[in-house]
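# Observations on chain architecture
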Amino acid sequence: MKHPAHTILTGGTIIDGTGAPPFSGEVVISSDRIVFAGIPERNRPITAPDSGCEVIDCTGCVIAPGFIDAHSHSDLQILENRNEKLLQGVTTEVVGNCGFSAYPLPEDPQVLRDFANGIFCGDNSWGWSSASDYLASASRSKVATVASLVGHGSLRIKVAGNTCRSLTSRELDTMSGLLDEALQQGAVGFSSGLMYAPGSGASAEELATLCRVVARRGGVYATHMRNYSDTLVEAVEEQISIAEESVCRLQISHLQAAGQDNWPLQQYAIAAIEQASARGADVAFDAYPWLAGSTVLTQVLPQTALDGGISQLLSRLADPVQRESIRTEIKPEARWDGVVITSAATDPASLVGRSIQDIADERGSEPDNVVLDILLEQQGNVNIVEHCQSMENLHALLTHPLAIVITDGVYTTGRSHPRLYGTFPRLLGDVVRELKWLSLEEAVHKVTGKPAAAFHLHDRGRIAGGYAADITVFDPETVRTDASYEIPAVAPAGIRSVWRNGKVVVNAGVMV
Ligand SMILES: [Zn+2]
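Residues numbered from 1 in each chain as written. Predicted model: local features only at pLDDT ≥ 70, side-chain atom pairs only at ≥ 80, totals over all residues.

## Description of the overall build of the chain
How we decide: Secondary structure is summarised from DSSP: a helix means a run of H or I of at least four residues, a strand means a run of E of at least two, and numbering begins at the N terminus for each. We compute the radius of gyration from the C-alpha atoms alone; for a globule the expected value is 2.2 Å times N to the 0.38, where N is the number of residues. The exposure label follows from counting other C-beta atoms within 10 Å of a residue's C-beta, where the C-beta atoms are placed from the backbone and the thresholds are 20 or more for buried and 12 or fewer for exposed, leaving partly exposed in between. Residues are defined as contacting one another if the C-beta atoms placed from their backbone atoms lie within 7 Å.
Helices and strands together make up the secondary structure of the chain, namely 16 helices and 20 strands. Whereas a compact globule of 512 residues would reach a radius of gyration of roughly 24 Å, the chain reaches 23 Å, a difference of no more than 12%. Out of the 512 residues in the chain, the part that is buried amounts to 55%. Contacts in the chain between residues far apart in sequence, at least 24 positions, make up 75% of those at least 6 positions apart.

Pasting the structure below:
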């Protein structure tokens, strides 16, 4: 058997992305495809006689499919060719999550940019009119193959502006039409962010109407639910009933029970998902391997305070009566000493790295008042990390057969959550090798074949003939991350080389 080979990866252990046990073998890449993966013919010389053939010795390493980050917020950074994910072995990213997509641009583009402020970290000029325009730009990314979800918040802003009110039937029809168009143009699904205004204003009926469009086009509905704390179970049940009613594939985003009092609720949330799955619903969830979350500080406010956007919030906060009514409804997901500022617009030096409790103590004020003061001082532009999950729950999430593993990484102007830099090495190093929560092949499956199937990425996520030559070679004994909450921007160790569409993009741990 003669391979039309250009690159042969030899001497390594293949983990093919399906969850099957590892095996020793060779992977042959020709152009942008894998043309052979398996045990080579006996006697085939290691160094191919064909001079066009390059042989890469992978002794001691695992040869896995390029990783898929199915919950990315790098909508803008994939175009800036940022390498934080690529260095972790990620070759495909699903963007447009939590209701935020960089299209369709509304009449006043600033309304969309203000809405995504803190989730997208970009200048003031981004925005695309349609899914096809965005995907055309994204296809030129040098760091990732990009699949996109249409954000419910972005669509809603296009049709009705940044308002939390319910939509008229005419507006909902327009929104359905725009969603349908985006799915026809290549978006792989639809995402909601029901804890962020204006998505928070959507009724279950509105979402079910839109999900019927998604179902018709064979897409996936990914949801950042209404609540991950005291009403977690009700939030899961609402999303399941929307998916069952519309017969739509459901992906529950970054599942967790936030806040110590709510930790016992997670098992009921998972049970509800399992029961729906047993009834035949196409439902799954994802989780990141970290105990802290990351979001914008305005998340602790009642979202009605953001009706109309950040400028409206700031004028409400300037009014003593409205400020007081917002203050009484503030609800953090963690204790105030676990809510840590990671970026602030105008005065990062005095705020970044400090908890709300710490700042409140210094100012001799109460934490809820300090939150409102800081938001006013920083024009609403503050990111946080919230230490809010338990180790036991994290184990239950990551080891669950319906779970895939994601980064949910958000770029900020300050100190980003370490998940942006270290999620995949943390999975392979801490979770697999040190904690032994998963086998290596199970962990690889959760970041390759499983997300590829969930998001309909047909030729990705597997080491097999005919698949795209997206390959990550790592050392299972040394793969690790030292990214921490204090010093997150640390490149991983043990991710040796990465190919994307047959081209080497990381070599010896460094972007080529
Ligand atoms: Zn989210």
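## Remarks on the environment of E93
Looking at the secondary structure, you find E93 in strand β7 (residues 90–95). The sequence separation of E93 and L194 amounts to 101 residues, and the corresponding C-alpha distance is 22 Å.

## Description of the sheet that holds strand β12 (residues 283–287)
Here is the rule we go by: Strands are labelled as partners when DSSP assigns at least two bridges between them. Lines fitted to the C-alpha atoms define the axes, with helices restricted to the stretch that makes contact. Angles between their N-to-C directions range from 0 to 180 degrees.
The strand order across the open sheet formed by eight strands is β6-β7-β8-β9-β10-β11-β12-β16, and the pairing between neighbours is parallel. Unpaired on one side and paired on the other, β6 (67–69) and β16 (403–405) mark the two borders of the sheet. Sheet twist, expressed as the average angle between the axes of neighbouring strands with direction ignored, equals 25°. Note: β7 against strand β8 (residues 145–151), four bridges, orientation parallel. In the strand pairing of β8, V95 is matched with S148.

## Quick word on helix α4 (residues 169–184)
Selection rule: Working rule for helices: expected span equals 1.5 Å times residues minus one. Regarding the arc, it is the one traced by the directions from the helix axis to the C-beta atoms.
The first and last C-alpha atoms of α4 sit 22 Å apart over 16 residues, in line with the 22 Å expected at 1.5 Å per residue. When α4 is considered as a whole, its buried residues turn out to be L172, M175, L178, L179, A182 and L183. Here the buried residues of α4 occupy an arc of 135° about the axis, which is enough to place them on one side. Opposite its buried face, α4 presents the exposed residues S169, R170, G177 and Q184, each directed more than 90 degrees away.

## Overview of the sheet that holds strand β13 (residues 292–296)
On the basis of which strands lie adjacent, the open sheet formed by three strands has the order β13-β15-β14 and antiparallel pairing. Looking at the sheet topology across the chains shown, the edges are occupied by β13 and β14 (339–344). Neighbour to neighbour, the strand axes of the sheet diverge by 25° on average, direction disregarded. Examined bridge by bridge, β14 and strand β15 (residues 382–387) share five bridges and lie antiparallel to one another. Looking across to β15, one finds that I341 is bridged to I384.

## Focus on the nonpolar core
Filter applied, for reference: Buried Ala, Val, Leu, Ile, Met, Phe, Trp, Tyr and Cys residues form a nonpolar core when they are connected through C-beta atoms within 7 Å.
Counting residues in each nonpolar core, the largest one holds 163 residues, and the members touching the most others are V27, I63 and L179. Of all the elements, helix α14 (residues 419–434) adds the most residues to this core, at seven residues. Leave out the neighbours within four places in its chain, and I63 touches L9, G12, T13, I14, V27, C58, I463, I471 and V473.

## Quick look at unusual backbone geometry
Following Y103, the chain continues into P104 via a peptide bond in cis, with omega recorded as -10°. Each neighbour pair has its own omega, and for A197 with P198 the value is 5°, a cis peptide bond. Position of P198 relative to the elements: it lies in the loop between β9 (189–193) and α5 (204–216).

## A closer look at the pairing of β13
Summarising burial for β13: five of the five residues are buried, a large majority. Bridge count for β13 against β15 is five bridges, and the pairing is antiparallel. Across the sheet, the residue bridging to S294 is V385, located in β15.

## Observations regarding the environment of S74
Looking at the secondary structure, you find S74 in the loop between β6 and β7. You can call S74 buried: it has 28 C-beta atoms within 10 Å. In this structure, the C-alpha to C-alpha distance between S74 and R419, residues 345 residues apart in sequence, is 13 Å. Other than its neighbours up to four places away in sequence, S74 contacts R82, K85, E93, V95 and Y411.

## Section: the environment of I8
By secondary structure assignment, the location of I8 is in strand β1 (residues 7–14). Given 24 C-beta atoms within 10 Å, I8 falls into the buried group. Residues I8 and N381 lie 373 residues apart in sequence; the distance between their C-alpha atoms is 49 Å.

## What about the packing of α4 against α5?
Definition in use: To sort the angles, those under 35 degrees are grouped as roughly parallel, those over 145 as roughly antiparallel, those from 65 to 115 as roughly perpendicular, and the leftovers as oblique. Each crossing is labelled by how the near helix is turned from the far one, with a counterclockwise turn of less than a right angle marking it left-handed and a clockwise turn marking it right-handed.
Between α4 and α5, whose axes approach to 9 Å, the crossing angle comes to 30°. Between α4 and α5, the angle falls in the class roughly parallel. Relative to α5, α4 is oriented so that their crossing is right-handed. Every residue of α5 that contacts α4 at L172, M175, S176, L179, D180 and L183 is listed here: E206, T209, L210, V213 and V214.

## Looking at the packing of helix α6 (residues 232–246) against helix α7 (residues 266–279)
For the record, the criterion: When residues are grouped by polarity, Ala, Val, Leu, Ile, Met, Phe, Trp, Tyr, Cys and Pro land in nonpolar, Asp, Glu, Lys and Arg in charged, and all others, Gly among them, in polar.
Between α6 and α7, the least distance of the axes is 8 Å, while the angle of their chain directions is 15°. Classified by the angle between their axes, α6 and α7 sit roughly parallel to one another. α7 is crossed by α6, and the crossing has right-handed handedness. Within the contact between the two elements, α6 uses L232, V233, V236, E237, I240 and E244 and α7 uses Y268, A269, A272, I273 and A276. When the residues that make up the contact of α6 with α7 are grouped by side-chain class, the tally is nine nonpolar, no polar and two charged.

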